[in-house]
Structures are given as structure tokens and as C-alpha cells.
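Read off the chains here:
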Amino acid sequence: MDKFVINGGKKLTGDVKISGAKNAILPIMTAALLAKGKSIFHNVPHLNDIKMMAHVLRVLGARVEYENETLSIDTTYADYYEAPYELVSKMRASIYVLGPLLARCGKARVSFPGGCAIGTRPVDLHLKVMEALGAKIEIEHGYINATCENLKGAKIRFEKVSVGATANAIMAAVLASGITNLYNVAKEPEIGSLIDCLILMGAKIKGKDTSHLKITGVKELQPIETEMMPDRIEAGTFLIAGAITGSRISISNCVPEHIQSLSDRLIQTGCKLNIGKRKVEIIPPSKILPVNIVTYPYPDFPTDLQAQFMALMTLSEGESRIEDTIFPDRLMHVAELNRLDADISLEKHVAVVSGVNSLSGAMVMATDLRASAALVLAGLAAEGETTISRIYHIDRGYDKIEVKLQKLGADIVRIKG
Ligand code: EPZ
């Protein structure tokens, strides 16, 4: 297994171009199943999760090709309807095939996604939606067996905001007969991006970026060619890289309004931000002020930046409290950050971070995608050498992060395992 070796304490300088958004691309890849033919997507980064989703689609009979950040998906012969345990257990987002397969084939057999380092990750909301649209759901031997001759429009209110269940519901409803009203939906930009793609394919969806979507079912959808939106979590991760190393850097090809909640908190820590149309420059203060964080669905502070912001708070001038209401157990990075001489204690699900003057390099282990990003950020600031093992976690969601950081002047190398 590969690992990173970082010599911390270096200032960064320059600009980093943000890649396409993993969490927008994954549902859009399965949405390609809603049309027969070849869809083409540009600005697709080289990520393991995207490779894994391509593998799932190939198992379903689609022809998937990827070259130079362009992904093509030809679903002409995608007539299979089972997503096997071997693949789904490796990537929870495989559940996104459920809605499209029901809409396309009238049936789906999807392995129950396992839990992961950030929590149990249930899919009950996904299943409730499909039943509301007329599907029969049976669970046996760890598989979801869903059947439905014709999905019928329905009125559905989500008991909890769920990005994945919202995506699955939209993808099932666009080809259902009649009208579907979805209430209390997720408003993440990735959902907006999925809606834009589906409308381009011929879907009828009203209410984008609001809590209520009205979907009028159509008979069929067409394949499309389009460009993927920038990754707001990668953008936020690099802004925090500037803040934690006290470096004036900029990020480009981003959507500043997608990271407004992070920008607000960075300004509270004393950072100055120069915000352009698709660019943000960060100018950190000499000393970072403590800021409390509670994560909530978009547009509030995202759970996917919680670990990275905690890394920053380990070097603040005081005490900050961090709570993740989306994934309360998403705290695996606490123990690893403490190995770098951070001072973080847990009060139930709240991390109490007492700022220290400096972190010191050590051997640490990545446990999940965003926790590993937090360890990289802490390693960049720590004095001495930090070795991070199991960095396959980071390759799931960041495209060659070490190359982008090297270009900013960081001393980080990947050691092939
Ligand atoms: C998506 O996961 C993202 N993944 C996650 O990013 C992100 O952290 C999460 O949304 C929240 O923003 C992708 O887009 C591929 P949810 P998802 O359904 O859809 C509960 C990353 O690092 N819930 O919005 O699985 C759930 O337990 C990943 O890129 C149910 O109870 O998240 C959580 O408490 C990690 N039942 C809350 O809802 C369900 O059926 C929100 O989860 C589904 C979810």
C-alpha cells in the first residue's frame, strides 16, 4: 500500500486548479443508465471511486471509457440489473444504481452497502422512496431485490435530508408516470448538477436548489455531452492547506459560493479572502483564532470539510468545539491528529480542540477519505517528518493530491507500497 512522506513547516505559494466534483460525477454516471446511447462527460478527475463506479456500470453491460479527463458511457447494451457485493461493499455510492435500474429495467438487485469508518450508513430512505414510487422491495442474503413494472409519481417527504436518497429519488422519478413531488430534499450543489444533467437529457424538473422538487415523468431521455462542476470539497481542502501553513495561495476553476460556509469560518479565524468569479486567494493571519463548528446539510458547514477544519483548529490560539450532526462518529482523525501532538479530547460526539503552538511529525494512518486529507494538512504544518499509511483512502477523492501540493512548494512524496 502506498504512503506519503511529508516534511512539514514549508510555506506554500502559487495557484492550484480544482478538479471535477467526485460527488457530482458519481450519480451522473448512474443517470446515464436512464438513456440508451453514449453520454460523454468532461472535466472528470482520475479518482478510484470513479473507476469503481465505471466497473459497476460495466458489470451492468455499459461500455465505459476514460481518457484525458473525459468519460464516455454507452448504455446501449446495458441490460443487466445486478450490482454485486464485491463492488458495492467497496463503494457505498453504488447504491445510486437502484433508481436508474428500476426506471430502466423495472428491477434491480443491489447488494446492501456496508458501513464504513464514518458510520453505519443506512439506506432506509432510499428504499422508502422506491416503495413510495410503487416498487416492491425484498431483502434477502444481504441483497436488495426491487421490482416494479411501472414507477408511478408520488408525493414524498424525506424525514431526514439525504444527498444519496434525494439523488436516487430524482433518478427514479424522471421516468415514472405522472408527477412526483419531493419535499425536504438535499440542496447540495451536486444535486443541482445532477438536475442540470437530467434536464439536458430531457427530464422535467422544477425547484432546483430548493427543498421542494416537482418532477413530471417523461417517456424517455437522451444521452448528453457535458462538463462536470468543480469539486467544492477539494477547493475547501486546499484553502485550509493555505491557512494551516500560513501561506498566501489561490485556488482557481472553483465556484466560490459553493464554499461560502467555509469562507465565513476562515474569515472568523482571521484569514483574509480575495474572492473572484472562479478564484479564491487566501491570506492567513500570523495566528489562527479558534472557531466552533457544527456540520449541517448545505448551505451550512459540510461534514466533508469537518476533519480538515479540525486539523486547522489544532493550531489555533484557543479552544474550539467541533460537532458533526450528519455523521456523529466521523471522528477517526482525532486519535491520529493527537499522534501529531494535537490536543483534542472528546465529550460524547463533540471534539474539544485546544490549540497548541506546533504539531510534530509522526507515523499516522489514514482511516477514511476526509480524515486522510486532514492528516495531510496537519503533516504540512507539523515540524519534522510525517508518514501517512493507507493513502488509498485519499486516492478515492483527490486526484494526485501530492502532485498539486508539490506544485505549491510542499515537501511531500508518495512511496509506492
Ligand atoms: C453523500 O453521502 C456524500 N457521498 C458524502 O461524501 C457526504 O458526506 C454526505 O452525502 C453528506 O453530505 C457522495 O455523494 C458519494 P446522506 P450520503 O444520505 O448520500 C443518514 C465524501 O467524503 N441516512 O446525505 O451517503 C446518514 O446516515 C463522502 O465524499 C439515513 O439515515 O449521505 C447521515 O446521517 C462521505 N438513511 C444523513 O442521513 C438513508 O437511507 C445524511 O447522509 C440515507 C442516509
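Keep in mind it's a predicted model, so treat the numbers as computed, not measured.

Chemist: Quick one: what's the story with the layout of surface pockets, residue by residue and with numbers?
Modeler: Empty space within the second largest pocket amounts to approximately 340 Å³. Along its surface, the second largest pocket is lined by 18 residues, and Lys11, Ile244, Thr245, Gly246 and Leu315 are the ones closest to its centre. Of all the secondary-structure elements, those providing two or more residues to the lining of the second largest pocket are α8 (232-245) and α12 (369-381). Here the residues of the lining of the second largest pocket sort into nine nonpolar, six polar and three charged.

Chemist: Before we move on, can you summarise the sheet that holds strand β23 (residues 385-389) with the specific residues and values?
Modeler: Strand order in the open sheet made by the four strands is β22-β23-β1-β24, with mixed pairing throughout. The sheet is open, and its two borders are formed by β22 (363-365) and β24 (411-415), each paired with just one other strand. Within the sheet, the average angular offset between the axes of one strand and its neighbour, ignoring direction, is 20°. Looking at chain direction, strand β1 (residues 3-7) and β24 are connected through five bridges and run antiparallel. Within the sheet, the bridge partner assigned to Phe4 lies in β24 and is Arg414. Packed on one face of the sheet, α12 meets β1, β22, β23 and β24 and runs near 25° to β1.

Chemist: Mind laying out the site of the ligand, listing which residues take part and the relevant values?
Modeler: Near the ligand, the surroundings consist of 25 residues, among which Arg92, Asp124, Ser162, Asp304 and Ile326 are the closest. Between the ligand and the protein, one listed contact pairs an oxygen atom with a side-chain N or O atom of Ser162 at 2.7 Å. With respect to the ligand, the side chain of Arg370 contributes an N or O atom lying 2.8 Å from an oxygen atom. If the ligand stood free it would expose 830 Å²; the protein chains cover 89% of that surface. Of all the secondary-structure elements, those providing two or more residues to the shell around the ligand are α1 (22-31), α5 (124-132), α6 (163-173) and α12. Grouping the amino acids of the shell around the ligand by side-chain chemistry returns 12 nonpolar, five polar and eight charged.

Chemist: Hey, could you go over the pairing of β1 for me, with residue numbers and the actual values?
Modeler: Here is the key point about a regular strand: its side chains alternate between the two faces of the sheet. Note that β1 and β23 share four bridges and pair antiparallel. Looking across to β23, one finds that Ile6 is bridged to Thr386.

Chemist: Can you break down the domain arrangement of the chain residue by residue, with the values?
Modeler: Domain annotation for the chain reports domain 1 (3-19 + 230-415) and domain 2 (22-227). For domain 1 versus domain 2, the separation of C-alpha centres amounts to 30 Å. At the interface, 24 residues of domain 1 touch 19 residues of domain 2. When domain 1 packs against domain 2, the two sides together hide about 1,800 Å² of surface, and 51% of this comes from carbon and sulfur. Looking only at domain 1, the three residues that lose the most surface to domain 2 are Tyr298, Arg396 and Asp399, adding up to 32% of its buried area. If you look at where domain 1 meets domain 2, you find two salt bridges. With a shortest N-O distance of 2.8 Å, Glu190 and Arg232 are connected by a salt bridge. Summed over the shared surface of domain 1 and domain 2, the result is six residue pairs in polar contact (both at pLDDT 80 or more). Of the residues in the side of domain 1 that touches domain 2, the class split is seven nonpolar, five polar and 12 charged.

Chemist: Tell me about the pattern of salt bridges, and please be specific about residues and values.
Modeler: What the rule picks out here adds up to 19 salt bridges. Between Lys208 and Asp196 there is a salt bridge, with its nearest N and O atoms 2.9 Å apart. Linking Lys208 in the loop between β12 (204-206) and β13 (212-216) with Asp196 in helix α7 (residues 189-201), this pair joins segments that are 12 residues apart in sequence. On the basis of relative accessible area, Lys208 is assigned to the partly exposed category, the value being 35%. The residue Asp395 makes a salt bridge to Arg414 at a minimum N-O spacing of 2.8 Å.

Chemist: Any chance you could break down unusual backbone geometry for me, citing the residues and the numbers?
Modeler: The phi torsion of most residues other than glycine is negative, and most of the peptide bonds are trans. For the peptide bond that leads from Tyr298 to Pro299, omega is 10°, which places it in the cis range. Considering the arrangement of structural elements, one finds Pro299 in the loop between β18 (293-295) and α10 (306-313). One non-glycine residue with positive phi stands out, namely Asp209, at about 70°. Inspection of the secondary structure puts Asp209 in the loop between β12 and β13. Among the residues examined, Asp209 registers a relative accessible area of 48% and is labelled partly exposed.

Chemist: Can you lay out α10 for me, pointing to particular residues and giving the numbers?
Modeler: In terms of burial, α10 is a largely internal element, eight of the eight residues being buried. Among the residues of α10, Gln306, Ala307, Gln308, Phe309, Met310, Ala311, Leu312 and Met313 are the ones counted as buried.

Chemist: Account for the sheet that holds β13, with residues named and values stated.
Modeler: The strand order across the open sheet built from four strands is β10-β11-β13-β12, with neighbouring strands paired in mixed fashion. Here the strands that pair on one side only, and so sit at the sheet edges, are β10 (155-157) and β12. Recorded for the sheet is a direction-independent mean angle of 15° between the axes of neighbouring strands. Relative to strand β11 (residues 179-183), β10 runs parallel, the two sharing three bridges. The residue of β11 that forms the bridge with Arg157 is Tyr183.

Chemist: I'd love a proper account of the packing of α5 against α6, names of residues and values included.
Modeler: Packing of α5 against α6 leaves a shortest axis separation of 8 Å and a crossing angle of 20°. For the element pair α5 / α6, the angle class is roughly parallel. Like other packed secondary-structure pairs, α5 and α6 cross with a definite hand, here right-handed. Note on element contacts: α6 touches α5 through Gly164, Ala165, Asn168, Ala169 and Ala172, opposite Leu125, His126, Val129 and Met130. Of the residues belonging to the contact of α5 with α6, the class tally is six nonpolar, three polar and no charged.

Cut-offs used in this document
Residues numbered from 1 in each chain as written. Predicted model: local features only at pLDDT ≥ 70, side-chain atom pairs only at ≥ 80, totals over all residues. Heavy atoms only, no water. 1 Å grid on protein atoms, 1.4 Å probe; cavity = no way out; pocket = protein on both sides within 12 Å on 5 of 7 lines; lining within 4 Å. Points joined across faces, edges and corners; volume = space filled by probe spheres on them. Helix = DSSP H or I, 4+ residues; strand = E, 2+ residues; numbered from the N terminus. Nonpolar A, V, L, I, M, F, W, Y, C, P; charged D, E, K, R; others polar. Pairing = 2+ DSSP bridges. Axes fitted to C-alpha atoms, helices over the stretch in contact; angles between N-to-C directions. Contact = heavy atoms within 4.5 Å. Near = heavy atom within 4 Å. Polar contact = N/O pair within 3.5 Å; in protein donor to acceptor, adjacent residues only side chain to side chain. Areas by Shrake-Rupley, 256 points an atom, 1.4 Å probe, with all protein chains shown as cover. Domains from an automatic or database assignment. Buried area = accessible area lost by both parts, 1.4 Å probe. Salt bridge = Lys/Arg side-chain N within 4 Å of Asp/Glu carboxyl O. Buried < 20%, exposed > 50% of the residue type's maximum accessible area, 1.4 Å probe, protein only. Parallel < 35°, antiparallel > 145°, perpendicular 65-115°, else oblique. Left-handed = near helix turned anticlockwise from the far one by under 90°.

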